[in-house]
Amino acid sequence: MRRLLLVLLLPLPALALTPEAKEWLAISAQLEPVQCEKRQLRRQMAMAQAENRAEDMSKLRARFAQINRDKQTARLERRLAQLQSRISDGKGGTRDPQDLDAISFQQRQAFYRCE
């Protein structure tokens, strides 16, 4: 019974997050499809390079560059970089441990949804 209660309470820490962490989570959710596509492209590029498929490699690089040229994506990624410096304590951690837990959880979920 206690385990069930713990599982049900997992989303509640999101209420105690800093405003920067909440914004980070919102922007990351918006960027999730783009980041998933980039991850898949990187994987395909590694395979194309390993298999010496130069034509495929050039197409994949062109698609990757096209994604990076998107103005809204670039703006959101710049904002994430700004938020990262605000959230970070400069030592590889965060100022608020709950922020790190929530961000890490969201990133893990996004990774598995992308597969």
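Right, let's walk through the structure included here. (Residues numbered from 1 in each chain as written. Predicted model: local features only at pLDDT ≥ 70, side-chain atom pairs only at ≥ 80, totals over all residues. Heavy atoms only, no water.)

1. Notes on the pattern of salt bridges
Oppositely charged side chains are able to pair whenever their charged atoms sit close together. Taken as a whole and assessed by the stated rule, the structure comprises 7 salt bridges. A salt bridge links Asp56 to Arg53; the nearest nitrogen and oxygen atoms lie 2.8 Å apart. Of the residues examined, Asp56 reaches a relative accessible area of 29% and is grouped as partly exposed. A relative accessible area of 30% means that Arg53 is categorised as partly exposed. A cluster of three or more residues bridged by salt bridges with shared partners is formed by Glu51, Arg53 and Asp56. (Salt bridge = Lys/Arg side-chain N within 4 Å of Asp/Glu carboxyl O. Buried < 20%, exposed > 50% of the residue type's maximum accessible area, 1.4 Å probe, protein only.)

2. Comments concerning the packing of aromatic side chains
Evaluated as defined, the whole model comprises 1 aromatic pair. Plain terms: the ring middles of Phe111 and Tyr112 are 5.2 Å apart, the flat faces sit at 80° to each other, and that makes the pair edge-to-face. Look at Phe111 and you get partly exposed, because its relative accessible area is 32%. (Phe/Tyr/Trp six-rings, centres within 6.5 Å; stacked < 30°, edge-to-face > 60°.)

3. Re the nonpolar core
With 12 residues, the main nonpolar core is built from Leu17, Ala21, Trp24, Leu25, Ile27, Leu31, Leu76, Leu80, Leu83, Ile87, Ala102 and Ile103. Looking at this core element by element, the count peaks at 5 residues for helix α2 (residues 19–50). Non-local contacts of Leu83, meaning those with residues more than four positions away in its chain, are made with Glu20, Glu23, Trp24 and Ile27. Counting residues in hydrophobic clusters, the runner-up holds 8 residues, among them Leu41, Met45, Ala48 and Phe64. (Core = buried A, V, L, I, M, F, W, Y, C linked by side-chain atoms within 4.5 Å. Helix = DSSP H or I, 4+ residues; strand = E, 2+ residues; numbered from the N terminus. Contact = heavy atoms within 4.5 Å.)

4. Things to note about helix α5 (residues 97–114)
Given 3.6 residues to a turn, an α-helix orients residues that are three or four positions apart in the same direction. Spanning 18 residues, α5 covers 26 Å between terminal C-alpha atoms, matching the ideal 26 Å at 1.5 Å per step. Looking only at α5, the buried set comprises Asp99, Ala102, Ile103, Gln106, Ala110 and Cys114. The arc that holds every buried residue of α5, seen down its axis, measures 105°, which confines them to one face. Those residues of α5 that are exposed and angled more than 90 degrees off the buried face are Pro97, Asp101 and Tyr112. Its buried side turned inward, α5 meets α2 and α4 (71–87). (Expected span 1.5 Å × (residues − 1). Arc of directions from axis to C-beta.)

5. Digging into the side chain of Lys38
Relative to the assigned elements, Lys38 resides in helix α2. Classification of Lys38 as buried rests on a relative accessible area of 7%. In this structure the side chain of Lys38 is engaged in a polar contact, spanning 3.0 Å, whose partner is the side chain of Glu77. (Polar contact = N/O pair within 3.5 Å; in protein donor to acceptor, adjacent residues only side chain to side chain.)

6. Section: helix α3 (residues 54–69)
The terminal C-alpha atoms of α3, which comprises 16 residues, lie 22 Å apart, in line with the 22 Å expected from a rise of 1.5 Å per residue. Buried within α3 are the following residues: Met57, Leu60, Phe64 and Ile67. Buried residues of α3, viewed axially, fall in a sector of 85°; they line one side. Pointing more than 90 degrees away from the buried face of α3 are the exposed residues Ala54, Glu55, Lys59 and Arg69. Buried residues along α3 sit against α2 and α4.

Keep in mind that these numbers describe shape and distance, not what the molecule does.
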